[in-house]
Amino acid sequence: MEAAGAGVAPIRAQYLTSKEQFHAYLKAERESRNQENNQDDGEEDSSSNDQTEPPAKQMKLDGGDQVRKQGSQEEVVKEEEKKPQERKRARGQNKSRPCMKPNHYEKDRLCPSVIQECAEKCYFGSQCRFLHDVGEYMAVKPSDLGDSCVLFKTFGKCIYGVTCRFARAHLGEDYRNIVNEDLVKQWEGKLLVRNSLSKELQQRLRKKKVCFDKSSEYLSHLGKPSSAGSVGNKAAGNSTGEKGISNCTASKGNAEGVDVQPPGKEAPECLAVSEKGQAPESMALQSSCLADASNDSTLKTIGPVTDEDVIKLRPCEKKRLDIQGKLYLAPLTTCGNLPFRRICKRFGADVTCGEMAVCTNLLQGQSSEWALLKRHYTEDLFGVQLEGAFPDTMTRCAELLNQTIEMDFVDINVGCPIDLVYKKGGGCALMNRSNKFEQIVRGMNSVLDVPLTVKIRTGVQEKVNLAHKVIPNIRKWGASMVTLHGRSREQRYTKVADWEYIAECAKLASPMPLFGNGDILSYEDANRAMQTGVSGIMIARGALIKPWIFTEVKEQRHWDISSNERFDILKDFTNYGLEHWGSDTQGVEKTRKFMLEWLSFLCRYIPAGLLEYLPQKINERPPYYMGRDYLETLMASQNVDGWIKISEMLLGPVPTNFTFLPKHKANSYR
């Protein structure tokens, strides 16, 4: 094989192969293993009993071509010839991805009341469209995926009962759910996942009955009289300018579409949200206040009045964010879910942050958006990241989260490059909207009891840096920390990150901490980054490609991790996913979906033992190569079919008509 060209990772010659040989090998192995599985099921075939070692070892490349199934190879070559020889470079997002809805997986679903063994209390009554006959459901239920249920094994009870895809592990006579009382008692009273959205709070948010007194006080300084509670003037992004709106409601005419009470009409009753730290099941709206359009809105509390009720915390009295020199796992949209963060915590990540949440969706009480804020008890330093374009919605959202969830800091996303966010004035666009940017930072800082951080890019255009102008202002506005990604919006994730510019900005930011981000895939990269004078490093794609990078940085070594060890990581992710999303069919398929998204990054990792020299660079694309065994070769597949095969090894066969397209086009090439 020829030597690696520019932008291609340097793999040792004996492991290199061609695209056709790579796919032909995987196809031949798949067929061979399928035959072996059929034999295990009782189908005898004496012609396939001659393999004593893993097939990959028999067919390992040694500088020349190896013998493979000629028919399979010819089929692959013909398929490749049918495709156009030249095509546009794949980059960006797949915006029209197919969406597999729950009814694609299960047409006949069991009623939740039956699952919880209280069929006499069906929530839907006579209008229920779900099945109530367990026997009828079991007749059409997909087959179980295994004999061990992670929920039953860990917690002593599986709340999914007969719908669990591992139900044989905990079903007794008449499909009754077995409970291990000893294990249940061990976990009793322990809250494993915090920051859930209670039904009561969700209803109050949807009915606009939550008070935002601190926000109203701040917004009044932007031209919004607190007596009228108006949030409708230009300073907050409203285009209508209506007056006389209650403090307890949000504005209808603003740019982010939050409803208001009509002028002159008395506002509805509004309640203050529960204090953070309570279990989601017990979260209650403890105190109420009647808002009058002619009087100041005052929050009425229950119990003795404390200093916190009448005295506002000064900036120096706020909780400090002490993460100097720590390893920060970046907030990663789609892939940075709770199960993935648990994997990274296990490998040594010090600071974690939830996925980007849109403030307007949180204010509307959307369950899917609140799910992004959930925090596992192992995440000892945890923050949430908010995205928005206007000070009214961002300030209200910050006040809401300050009272309802447990977090150590709040991060403002001023680095998101995608068009959907940028065109609405959020993300990177805020770097060019300094007035709105300042109002957002000052407003959120005034209502939060935890530190406020900001994540930015170098700028919007590739050759026009803005960060050095913005960072001193961010420090002056009251932010506790800033994170700088060394690329502009136009660059997205192409070209190398500009760490020289990050070093300049780190000096300008002092004494405010500045974390650097970009192109860190090894401990050498991390060491060079720390030498630029930054307070710490944030790792994003590097953690997706190899989550054990945190271990490598802390132990200052390269880890030639085996394929079996990497597969064990995927097993752990599967178990964490089933805990988090559920062990029924919907939970299994959701776990599969997020695993496939992650595999589109994991396939970029090249085992350290296969490289000509270390370390691997994040902007070097792996060529086609044969691993040291079949599993290592399969994990190197850049084809969606290879990722689906790995998911089937952990979660069973995919449903009929299953389709998957990764979020990023660059990861879906063959």
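Now for a look at the structure at hand. (Residues numbered from 1 in each chain as written. Predicted model: local features only at pLDDT ≥ 70, side-chain atom pairs only at ≥ 80, totals over all residues. Heavy atoms only, no water.)

### Overview of the overall build of the protein chain
Under the convention used in this document: We count a stretch as a helix when DSSP gives it H or I for four or more residues in a row; a strand needs E for two or more, and each element gets its number in order from the N terminus. Relative accessibility decides the category of a residue: with a 1.4 Å probe and only protein chains considered, values under 20% of the type maximum give buried, values over 50% give exposed, and everything between is partly exposed. The contact definition used throughout considers only heavy atoms, calling two residues in contact when any of these lie within 4.5 Å. Each accessible area is a Shrake-Rupley estimate made with a 1.4 Å probe; only the visible protein chains count as cover when residues are assessed.
Counting its regular elements, the protein chain contains 26 helices and 12 strands. Split into buried and exposed, the 670 residues of the protein chain put 54% on the buried side. Long-range pairs, those at least 24 residues apart, make up 68% of the contacts in the protein chain with a sequence separation of at least 6. Surface accessibility of the protein chain: about 31600 Å² in total, with carbon and sulfur atoms responsible for 47%.

### Examining the pairing of strand E8 (residues 409–414)
Consecutive side chains of a regular strand alternate in pointing toward one face of the sheet and then the other. Stated formally: For two strands to be treated as a pair, DSSP must find no fewer than two bridges joining them. Whether a crossover is right-handed comes down to one check: with the strands pointing away from the viewer, does the path from the first strand over the helix to the second run clockwise; if it does, it is right-handed.
Where burial is concerned, most of E8 is hidden: 6 out of the 6 residues are buried. In terms of strand pairing, strand E7 (residues 382–387) meets E8 through 4 bridges, oriented parallel. Among the inter-strand pairings, Val-384 is bridged to a residue of E8, identified as Val-410. Taking the sense of rotation as the criterion, the β-α-β connection linking E7, helix H15 (residues 391–404) and E8 turns out right-handed. Pairing of E8 with strand E9 (residues 452–457), which is carried by 5 bridges, proceeds in the parallel orientation. In the strand pairing of E9, Asn-413 is matched with Lys-455.

### Some details on H15
Rules: Multiplying 1.5 Å by the helix residue count minus one yields the expected span of that helix.
With 14 residues, H15 extends 20 Å between its outermost C-alpha atoms, agreeing within 8% with the 20 Å of an ideal straight helix rising 1.5 Å per residue. Most of H15 is tucked away, with 14 of its 14 residues classed as buried.

### What about the packing of helix H18 (residues 467–477) against helix H19 (residues 499–509)?
The line we're drawing: To obtain each axis, a line is fitted to C-alpha atoms, and for helices this fit is confined to the stretch in contact; angles are then taken between N-to-C directions over 0 to 180 degrees. In what follows, roughly perpendicular refers to angles from 65 to 115 degrees, roughly parallel to angles under 35, roughly antiparallel to angles over 145, and oblique to any angle outside these ranges. Each crossing gets its hand from how the near helix is turned against the far one by less than a right angle, where anticlockwise is left-handed and clockwise is right-handed. Throughout, the ten residues Ala, Val, Leu, Ile, Met, Phe, Trp, Tyr, Cys and Pro are labelled nonpolar, Asp, Glu, Lys and Arg are labelled charged, and all others, Gly among them, are labelled polar.
Where H18 contacts H19, the two axes come as close as 9 Å, and the packing angle between them is 25 degrees. The orientation of H18 relative to H19 falls into the category roughly parallel. Judged by the sense of rotation from one axis to the other, the crossing of H18 with H19 is right-handed. Contacts between H18 and H19 involve Ala-467, His-468, Ile-471 and Arg-475 on the former and, on the latter, Tyr-501, Cys-505, Leu-508 and Ala-509. In terms of residue class, the contact of H18 with H19 is made up of 6 nonpolar, 1 polar and 1 charged.

### A look at the sheet that holds strand E10 (residues 481–485)
Strand order in the open sheet formed by 8 strands is E4-E12-E11-E10-E9-E8-E7-E5, and the pairing between neighbours is parallel. The strands lining the two open edges of the sheet, one partner per strand, are strand E4 (327–329) and strand E5 (352–358). Taking each pair of neighbouring strands and ignoring which way they run, the sheet shows an average axis angle of 25 degrees. Of the strands in this sheet, E7 and E8 touch H15, which is tilted by about 155 degrees from E7. On the sheet, H18 packs against E9, E10 and strand E11 (514–517) and is oriented at approximately 175 degrees with respect to E9.

### Looking at the packing of H15 against helix H17 (residues 434–447)
Two numbers describe a pair of packed helices, the interaxial angle and the distance between the axes. For the pair H15 and H17, the least separation of the axes is 8 Å and the interaxial angle reads 20 degrees. Judged by the inter-axis angle, H15 sits roughly parallel to H17. Considering the relative orientation of H15 and H17, their crossing is right-handed. On H17, the residues touching Pro-391, Met-394, Thr-395, Ala-398, Glu-399 and Asn-402 of H15 are Lys-436, Gln-439, Ile-440, Gly-443, Met-444 and Val-447.

### Let's talk about the environment of Glu-217
Within the secondary structure, Glu-217 sits in helix H10 (residues 213–220). Glu-217 gets classed as exposed once you look at its relative accessible area, which sits at 52%. The spatial distance from the C-alpha of Glu-217 to the C-alpha of Ser-446 is 9.7 Å, given a sequence separation of 229 residues.

### Digging into the packing of aromatic side chains
Worth spelling out the cut-off: Ring pairs are drawn from Phe, Tyr and Trp, using the six-membered ring of Trp, whenever the two centres fall within 6.5 Å, and their geometry is named by plane angle: stacked under 30 degrees, edge-to-face over 60, tilted for the rest.
A complete count under the given rule lists 11 aromatic pairs for this structure. Geometrically, the ring pair formed by Phe-437 and Trp-477 is edge-to-face, given 5.3 Å between the ring centres and 70 degrees between the ring planes. Placement of Phe-437 in helix H17 and of Trp-477 in helix H18 is noted, with a sequence separation of 40 residues between them. Its relative accessible area of 7% is what places Trp-477 among the buried residues. Look at Trp-581 and Phe-594: their rings are 4.7 Å apart centre to centre, the planes differ by 10 degrees, and that puts the pair in the stacked class.

### A word on the side chain of Thr-458
Note the threshold: Pairing of N or O atoms within 3.5 Å defines a polar contact, subject to two protein rules: one partner must be a possible hydrogen donor and the other a possible acceptor, and residues neighboring in sequence count only if both atoms are side-chain atoms.
Its location among the elements puts Thr-458 in the loop between E9 and H18. For Thr-458, the side chain forms a polar contact with the main-chain nitrogen of Ser-488, separated by 3.1 Å. Ignoring anything within four residues of it in the chain, the contact list for Thr-458 reads Met-431, Val-464, Asn-465, Leu-466, Ala-467, Leu-484, His-485, Gly-486, Arg-487, Ser-488 and Tyr-501.

### Remarks on the pattern of salt bridges
Cut-off, in case you're wondering: Only one rule defines a salt bridge in this text: a Lys or Arg side-chain nitrogen within 4 Å of an Asp or Glu carboxyl oxygen.
A full pass over the atoms with the stated rule returns 24 salt bridges. For Asp-419, the salt bridge identified is with Arg-489, shortest N-O distance 2.5 Å. A residue pair is termed long-range when its members are at least 10 positions apart, and Asp-419 in helix H16 (residues 419–422) and Arg-489 in the loop between E10 and H19 qualify at 70 residues. You can call Arg-489 buried: its relative accessible area is 13%. Connected through salt bridges with shared partners, the residues Lys-141, Asp-144, Asp-147 and Arg-168 form a single ionic network.

### A word on unusual backbone geometry
Cis geometry marks the peptide bond from Ser-510 to Pro-511; its omega dihedral reads 10 degrees. Structurally, Pro-511 is set in the loop between H19 and E11. The step from Leu-614 to Pro-615 runs through a cis peptide bond, and the omega angle for that step is 0 degrees. By the secondary structure assignment, Pro-615 is in the loop between helix H24 (585–602) and helix H25 (630–635). Despite not being glycine, Lys-208 has its phi angle at roughly 55 degrees, a positive value. Mapped onto the elements, Lys-208 comes out in the loop between helix H9 (199–206) and H10. The backbone of Thr-334 sits at a positive phi, close to 75 degrees, despite the residue not being glycine. Look at Thr-334 and you get buried, because its relative accessible area is 13%.

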